[in-house]
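Results of the structural survey
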Amino acid sequence: MITQTEAIALQIRPWSKTSHIVTWLTPDHGRITTSIKGACRPKSPFLGQYDLFYTCHLLFYTREHDGVHIAKECEPHHRRDLLRENWRAAALASYLVELTARALPPREQHADIYKHLSQTLDYLAAHSDAPLLECMIRYELHLLYFLGVLPDLSPCETCHTPPPEWFSFSLATGRLRCQHDHSPHAAENLISLHPTIQEAFTHLRNKLISGRYPLHLEPSPIKKKEEKSKLPLGLSRFLGIFITCHLDVPAAVRRVTLEMIETTPTQKFALQEIQQP
Ligand SMILES: [Zn+2]
């Protein structure tokens, strides 16, 4: 069967001397993998037709047995050229496509994540001054939300105790662990969270769930400052631990991305915090 789709290139790997294996995100077929035979031959019709971050029109033969389909035709629909010139934005875009490729099970339809990734890449390719750390956190939070694994840092509704000096968060359950909770899962992989992080995260989570957390920050200087103050340094660290644990991304990949996108002394400070064991 021949299938036609739009597709964003997430990963490109060599397959033989002249062929590639490409992982794509599509709106209707989720994450798929195709071989591109003879991709590197001098007269290949595929030359220049796809690259990382491109959205392409893709035509492929469906093969069900091993999950690797065969690309028949491919042509770029949206190349996002600015990402070839702005290396910091390219570093972030590389992390986002890698994260997406790792987090999504194959062939599970996720039109919401497709749209989300497409818009985020568009934004990075259109704004050379995009606030990269913030773009990263926004994308990660939306991805966790669409995958149904967004952590919940609401305090226990049963106890009505005053907030503690530090919250105890269970990585296994994705929730805060309350003193009255004696279930074995809640006691696994606990991390301590300062109330400012709990508050900042809950604020973003509520905005996200109620549809008031847009994918992009419009570049108004005042708004930028307000938003920044809501992102304490520990929030990125917390998200990093959670994502590493739940989405199969090596901690080093995220850490190196943070190192590459940092441009301000504040972000440098955040980096030091993240590097602590
Ligand atoms: Zn409780």
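How each quantity is defined
- Residues numbered from 1 in each chain as written.
- Predicted model: local features only at pLDDT ≥ 70, side-chain atom pairs only at ≥ 80, totals over all residues.
- Heavy atoms only, no water.
- Salt bridge = Lys/Arg side-chain N within 4 Å of Asp/Glu carboxyl O.
- Buried < 20%, exposed > 50% of the residue type's maximum accessible area, 1.4 Å probe, protein only.
- Helix = DSSP H or I, 4+ residues; strand = E, 2+ residues; numbered from the N terminus.
- Pairing = 2+ DSSP bridges.
- Axes fitted to C-alpha atoms, helices over the stretch in contact; angles between N-to-C directions.
- Expected span 1.5 Å × (residues − 1).
- Contact = heavy atoms within 4.5 Å.
- Polar contact = N/O pair within 3.5 Å; in protein donor to acceptor, adjacent residues only side chain to side chain.
- Phe/Tyr/Trp six-rings, centres within 6.5 Å; stacked < 30°, edge-to-face > 60°.
- Core = buried A, V, L, I, M, F, W, Y, C linked by side-chain atoms within 4.5 Å.

Attention shifts here to the pattern of salt bridges. For the structure on display, the rule yields 9 salt bridges. Note that Arg-79 is salt-bridged to Asp-81, the shortest N-O span being 2.9 Å. Note on Arg-79: relative accessible area 40%, which makes it partly exposed. Where Asp-122 meets Arg-80, a salt bridge forms, and the shortest distance between an N and an O atom there is 2.8 Å. With a gap of 42 residues between them, Asp-122 in helix H2 (residues 111–126) and Arg-80 in the loop between strand E5 (68–78) and helix H1 (87–103) connect regions that are remote in the sequence.

Spatially, E1-E2-E3-E5-E4 is the arrangement adopted by the 5 strands of the closed barrel, whose pairing is mixed. Each neighbouring strand pair of the sheet contributes to a mean axis angle of 50°, computed without reference to strand direction. Alignment of strand E1 (residues 2–14) against strand E4 (residues 55–61), held across 7 bridges, turns out to be antiparallel. Each bridged residue has a counterpart across the sheet, and for Ile-2 the counterpart in E4 is Tyr-61.

On to helix H3 (residues 132–146), then. Here H3 is 15 residues long and its end C-alpha atoms lie 21 Å apart, about the 21 Å a rise of 1.5 Å per residue gives. Among the 15 residues that make up H3, 13 are buried, leaving the element largely enclosed by the rest of the structure.

It is worth spelling out the pairing of E1 at this point. Each regular strand displays side chains that alternate between the two surfaces of the sheet. Here E1 runs beside strand E2 (residues 20–26); their pairing, made up of 6 bridges, is antiparallel. What sits directly across from Ile-12, in E2, is Val-22. Hairpin connection between E1 and E2: a loop of 5 residues separates the two successive antiparallel strands.

Take Arg-31: it is sitting in strand E3 (residues 30–36). Judged by its relative accessible area of 17%, Arg-31 falls in the buried class. Sequence spacing of Arg-31 and Glu-108 is 77 residues, and the spatial spacing of their C-alpha atoms is 6.9 Å. Setting aside chain neighbours within four positions, we find Arg-31 in contact with Thr-23, Trp-24, Leu-25, Ala-101, Leu-104, Pro-105, Pro-106, Arg-107 and Glu-108. Engagement of the side chain of Arg-31 in a polar contact is seen with the backbone oxygen of Leu-104, the distance being 2.8 Å.

This brings us to the packing of aromatic side chains. Inspection of every chain in the model, using the stated rule, returns 6 aromatic pairs. When the ring of Phe-238 is compared with that of Phe-242, the centres are 6.4 Å apart and the planes differ by 35°; the resulting orientation is tilted. Residue Phe-238 and its partner Phe-242 are both found in helix H6 (residues 233–246); the two are separated by 4 residues, about one turn of the helix. Exposure remark for Phe-238: the relative accessible area of 3% places this residue in the buried category. Three or more aromatic residues link up through ring pairs in this structure, and these residues are Phe-169, Phe-201, Phe-238 and Phe-242.

If you look at the biggest cluster of nonpolar residues, it comprises 54 residues, and the most contacted ones within it are Leu-92, Leu-117, Leu-124, Leu-141 and Phe-169. Those residues within four positions of Leu-92 in sequence are excluded, and the remaining contacts are Leu-124, Leu-132, Cys-135, Met-136, Thr-257 and Ile-261. Formed by 15 residues, the second largest nonpolar core is a distinct cluster that contains Ala-7, Val-22, Phe-60 and Ala-71.

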